[in-house]
Amino acid sequence: WYTGTLLAVVAGWQLLRLLQERPDALPASSMGTRFMERVTNGDRRTRWFPFVGLSIAFADVAANALFFNGRLGSNDWVVLAAAAAWAGYGYIPPIYFRERDFAFLFINLLVLVLVVPVVSYNLAIGSTGDGTMTPGELRSVEILLASPLENLLTLMGYEAFSTGDMLHYRLENGDLARVSIAQGCSGIYSVAVFVAAFAAFVATEYNRLDRNVAMLLLLGVITAYFANLFRMAIIVIVGHYHGMEALEWAHANAGWLIFLLWVGIFWSIIFRFLVPLPTGARPEEMEPENGRT
């Protein structure tokens, strides 16, 4: 808890500094700003956004109580965050339109990428599950992590096999051990967060999609997935040599280190190859290129 609190304080302080030093610039046109202008109808619909947010929150809580397991899980918190984004959209000062639109697009895209597919699968098969994971979550873990992790460990020379969300592996002393893989370990979250963040970033910073953006998005999804698979392989290998206690330590610490390293490298590549619109420049004020503006 103290590490999380420290990170929140440092991040909040840095964010406050950035917002205070942000120039009072003219809004630059982008895909995101044009989309939000249509959604808000030139801010005329913004007054109804709090009611939309409250409706989303009520629908999520009610559906969870009536049709699902009755517990607020990670997907529910994502939906509730989207509800908060709807409710608070109109209260953000217009000078922070980029940050406001990015946050709004990001959290709603995350609902579409992360929550909607799993819920749709559960409803399609007519089951919500009675354990810690729904059938959709269990199936995604089996396909996206358990089976690929088994193949990767076998390729690396370690004995392992998977059944559902369980991975069985051989310890160095010859004993057989097993670990249960949760949905949070499957890489779904990291890939979904990356896709939503990248799409929201491009939408609020660029006028149009091009081949470079599409290739970077594809590269980001692939590397996010394999970074998580590499993380899980390291965790199991630690358990193979040093036992369950060391495996749990690696599980708690290796993941965020690998994720931060990957995120830092990838976003440095993004800012090197993608040049956003100049801050404060309207499209009609930009220099013409090859006879076009």
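Residues numbered from 1 in each chain as written. Predicted model: local features only at pLDDT ≥ 70, side-chain atom pairs only at ≥ 80, totals over all residues. Heavy atoms only, no water.

### So, the nonpolar core
By size, the foremost hydrophobic cluster in this structure holds 37 residues, and its most contacted members are Leu-149, Leu-153, Leu-167, Tyr-169, Ile-181, Phe-198 and Ile-270. At the level of elements, α6 (135-155), β2 (166-170), β3 (176-180), α7 (188-205), α8 (211-242) and α9 (244-273) are the ones that each hand at least two residues to this core. Take this core: its biggest share by element is eleven residues, from α8. The next biggest cluster of nonpolar side chains, apart from the first, holds 22 residues, and it includes Ala-82, Trp-86, Leu-110 and Val-111. (Core = buried A, V, L, I, M, F, W, Y, C linked by side-chain atoms within 4.5 Å. Buried < 20%, exposed > 50% of the residue type's maximum accessible area, 1.4 Å probe, protein only. Helix = DSSP H or I, 4+ residues; strand = E, 2+ residues; numbered from the N terminus.)

### A look at helix α4 (residues 74-88)
Spanning 15 residues, α4 covers 21 Å between terminal C-alpha atoms, matching the ideal 21 Å at 1.5 Å per step. Buried residues of α4: Asn-75, Asp-76, Val-78, Val-79, Leu-80, Ala-82, Ala-83, Ala-85 and Trp-86, and no others. (Expected span 1.5 Å × (residues − 1).)

### So, the packing of helix α2 (residues 31-40) against α7
The contact between α2 and α7 brings their axes to 4 Å, and the two run at 90°. Accordingly, the angle class assigned to the pair α2 and α7 is roughly perpendicular. Listed contacts from α7 to Met-31, Gly-32 and Thr-33 of α2 are Val-202, Ala-203 and Thr-204. Counted by class, the contact of α2 with α7 contains three nonpolar, three polar and no charged residues. (Axes fitted to C-alpha atoms, helices over the stretch in contact; angles between N-to-C directions. Parallel < 35°, antiparallel > 145°, perpendicular 65-115°, else oblique. Contact = heavy atoms within 4.5 Å. Nonpolar A, V, L, I, M, F, W, Y, C, P; charged D, E, K, R; others polar.)

### Here we look at the pairing of β3
The alternating pattern of β3 places Ala-177 and Val-179 on a buried face, while none of Leu-176, Arg-178 and Ser-180, on the opposite face, is buried. The sheet contact formed by β2 and β3 spans five bridges and is antiparallel. By the bridge assignment for β3, Met-166 is matched with Ser-180. Count of turn residues in the β2/β3 antiparallel hairpin: five residues, of which Gly-174 carries a positive phi of about 100°. (Pairing = 2+ DSSP bridges.)

### A word on α9
With 30 residues, α9 ought to run about 44 Å at 1.5 Å a step, and its terminal C-alpha atoms sit 43 Å apart, in line with that. Along α9, the sharpest kink reaches roughly 30°, centred on His-251. Residues of α9 that are buried: Leu-247, Ala-250, Ala-254, Gly-255, Ile-258, Trp-262, Phe-266, Trp-267 and Ile-270. Among the structural elements, β2, β3, α7 and α8 are those in contact with the buried residues of α9. (Bend = angle between axes of the 7 residues up to and from the residue.)

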